Amino acid sequence: MTGLVHRALMYGGQDDVLHVTVPFLRAGLETDEAILAVLPLAHIEALRDVFGPDAASMQFADATEWYEHPVRTIAAFDDFARSKAPRRVRALAEPVWTGRSPVETVEWHRYEAVANIAFAHYGAQAICLYDRHHLDDEVISGALRTHPEVIDRGGARNSGAFVEPTVFNIECDRPPLPPPRGAVESLPIATVDDLHDLRAFVTERARRHGQADGALGNLLIAVTEVATNALRHGAPPIELSVWTEDAALVCEVTDHGHWGHDALLGLLPPQSAAAGGFGLWAARMLVDVVHVRTGGSGTVVRLRTAL
């Protein structure tokens, strides 16, 4: 099973949603596909009413709970698809866009792009819903650029704005990272023996700023994975910097190595990431946001976790 049929539905109301999604789901029931609908509760209730007893054959999930973190959402969909194999998956999904910061919006668009590769080997079909009356033009434009096809009452067609996922990923990482807005404290890293000092360094500063133990534990694993990658694959000098800004603790690891600009390391589930990247995948799973910038002057990996 190869290829993901990944379509965007720009709807104007619930009638549009039902007109497109009901036959889509009925076709999945007829072929005994595993059906997952991650939607706002109003759409879930409407679909349950339409399908009646057949709704028991589908799995429903509240979008507000499912769409909390892009990489964890990729992992959740991947877990679902693997648990249902060898059955094919047919999914409805409506990402949550309201209340997102500009940084979060970029990461959710990246998620939609990466899905085309992350789930290509499952032979799945997915329709992602976008409310064209309540979402801004940037979100709608992003949907057209991250979904190979769009669908409406007239049927499916190619999206003329679609951008290949690796190219889209490069675009996400093109803007330079803003300079730190807080006081920066730094620690050089030369060998794996320095990783103990790194963890102590981060722990002291995190506790100074009131970081909760659970979040601190996740951060320590994430920053250790990133620093280990720099030691193994980067080039000296390697340095850790820590600061706070906007009620978040930021840890940044810099080195003078260079990654390929089209790398999706850390964005694909490990079992489908033939090129590696498990350490960065773990880091992305454990903190709120991971930014990567790479170029002639070296590589920067910036991890951000809320305080």
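- Labelled according to an unreviewed UniProt entry, the protein chain appears under the name Sensor histidine kinase, originating from Actinomadura alba.

1. Thoughts on the pattern of salt bridges
Then, in step 1: Evaluated as defined, the whole model comprises 21 salt bridges.
Then, in step 2: Between Arg-87 and Asp-32 there is a salt bridge, and its shortest N-O distance comes to 3.4 Å. Of the two residues, Arg-87 is situated in the loop between α4 (70-84) and β4 (89-93) and Asp-32 in the loop between α1 (14-30) and β2 (34-39); the sequence distance between them amounts to 55 residues.
Then, in step 3: Among the ionic pairs, Arg-208 bridges to Glu-185, the shortest N-O distance being 3.1 Å. Of this pair, Arg-208 sits in helix α8 (residues 195-208) while Glu-185 sits in strand β8 (residues 185-189), and the two are 23 residues apart along the sequence.
Then, in step 4: The structure contains a network of salt bridges with shared partners spanning Glu-107, Arg-110, Asp-173 and Arg-293.

2. Side note on the packing of aromatic side chains
Then, in step 1: In total, this model carries seven aromatic pairs according to the counting rule given.
Then, in step 2: With a centroid separation of 5.1 Å and an interplanar angle of 55 degrees, the aromatic rings of Trp-66 and Phe-77 are classed as tilted. One end of the pair, Trp-66, is in helix α3 (residues 63-66); the other, Phe-77, is in helix α4, and eleven residues separate them in sequence. Residues Trp-66 and Phe-77 agree in their burial class; the two are buried.
Then, in step 3: The rings of Trp-66, Tyr-67, Phe-77, Trp-108, Tyr-111 and Phe-119 are connected pair by pair, giving a single aromatic cluster.
Then, in step 4: The ring centre of Phe-201 lies 3.6 Å from the NZ or CZ of Arg-205, which sits over that ring.

3. Focus: the environment of Ala-46
Then, in step 1: Here Ala-46 lies in helix α2 (residues 41-51).
Then, in step 2: Placed 31 residues apart in sequence, Ala-46 and Asp-15 show a C-alpha to C-alpha distance of 9.9 Å.
Then, in step 3: For Ala-46, the residues in contact, after removing those within four places along its chain, are Gln-14 and Leu-18.

4. Considering the UniProt feature "domain: MEDS" (unreviewed entry) in the protein chain
Then, in step 1: According to UniProt, the feature "domain: MEDS" (unreviewed entry) maps to residues 6-148 in the numbering used here.
Then, in step 2: Between the end C-alpha atoms of residues 6-148 the distance is 6 Å, and the span holds 52% helix and 20% strand.

5. Section: the domain arrangement of the protein chain
Then, in step 1: By domain assignment, the protein chain separates into domain 1 (5-172) and domain 2 (185-306).
Then, in step 2: The C-alpha centroid of domain 2 is placed 30 Å from the C-alpha centroid of domain 1.
Then, in step 3: A combined buried area of about 1500 Å² lies between domain 1 and domain 2, and 66% of that area is made up of carbon and sulfur atoms.
Then, in step 4: Scanning the region where domain 1 abuts domain 2 turns up zero salt bridges.
Then, in step 5: For the pair domain 1 and domain 2, the number of links is three residue pairs in polar contact (both at pLDDT 80 or more).
Then, in step 6: For the side of domain 1 that touches domain 2, the elements supplying multiple residues, two or more each, are α4, α5 (102-118) and α7 (165-172).
Then, in step 7: Per-class residue counts for the side of domain 1 that touches domain 2 are ten nonpolar, four polar and five charged.

6. Remarks on the nonpolar core
One recurring pattern in soluble globular proteins: nonpolar side chains tend to sit buried together.
Then, in step 1: Counting residues in each nonpolar core, the largest one holds 41 residues, and the members touching the most others are Val-38, Tyr-67, Phe-77, Phe-119 and Tyr-130.
Then, in step 2: Only β1 (5-11), β2, α3, α4, β4, α5, β5 (125-131) and α6 (137-146) provide two or more residues apiece to this core.
Then, in step 3: The element best represented in this core is α4, accounting for six residues.
Then, in step 4: In terms of domain composition, this core takes at least three residues from each of domain 1 (5-172) and domain 2 (185-306).
Then, in step 5: Residue contacts for Tyr-67: discarding those within four places in its chain leaves Val-38, Thr-73, Phe-77, Ala-93, Glu-94, Pro-95, Val-96, Arg-100, Trp-108 and Tyr-111.

Rules behind the numbers
Residues numbered from 1 in each chain as written. Predicted model: local features only at pLDDT ≥ 70, side-chain atom pairs only at ≥ 80, totals over all residues. Heavy atoms only, no water. Salt bridge = Lys/Arg side-chain N within 4 Å of Asp/Glu carboxyl O. Helix = DSSP H or I, 4+ residues; strand = E, 2+ residues; numbered from the N terminus. Phe/Tyr/Trp six-rings, centres within 6.5 Å; stacked < 30°, edge-to-face > 60°. Buried < 20%, exposed > 50% of the residue type's maximum accessible area, 1.4 Å probe, protein only. Lys NZ or Arg CZ within 6 Å of the ring centre and 35° of its normal. Contact = heavy atoms within 4.5 Å. UniProt positions renumbered as here; feature names shortened; annotations may be inferred. Domains from an automatic or database assignment. Buried area = accessible area lost by both parts, 1.4 Å probe. Polar contact = N/O pair within 3.5 Å; in protein donor to acceptor, adjacent residues only side chain to side chain. Nonpolar A, V, L, I, M, F, W, Y, C, P; charged D, E, K, R; others polar. Core = buried A, V, L, I, M, F, W, Y, C linked by side-chain atoms within 4.5 Å.

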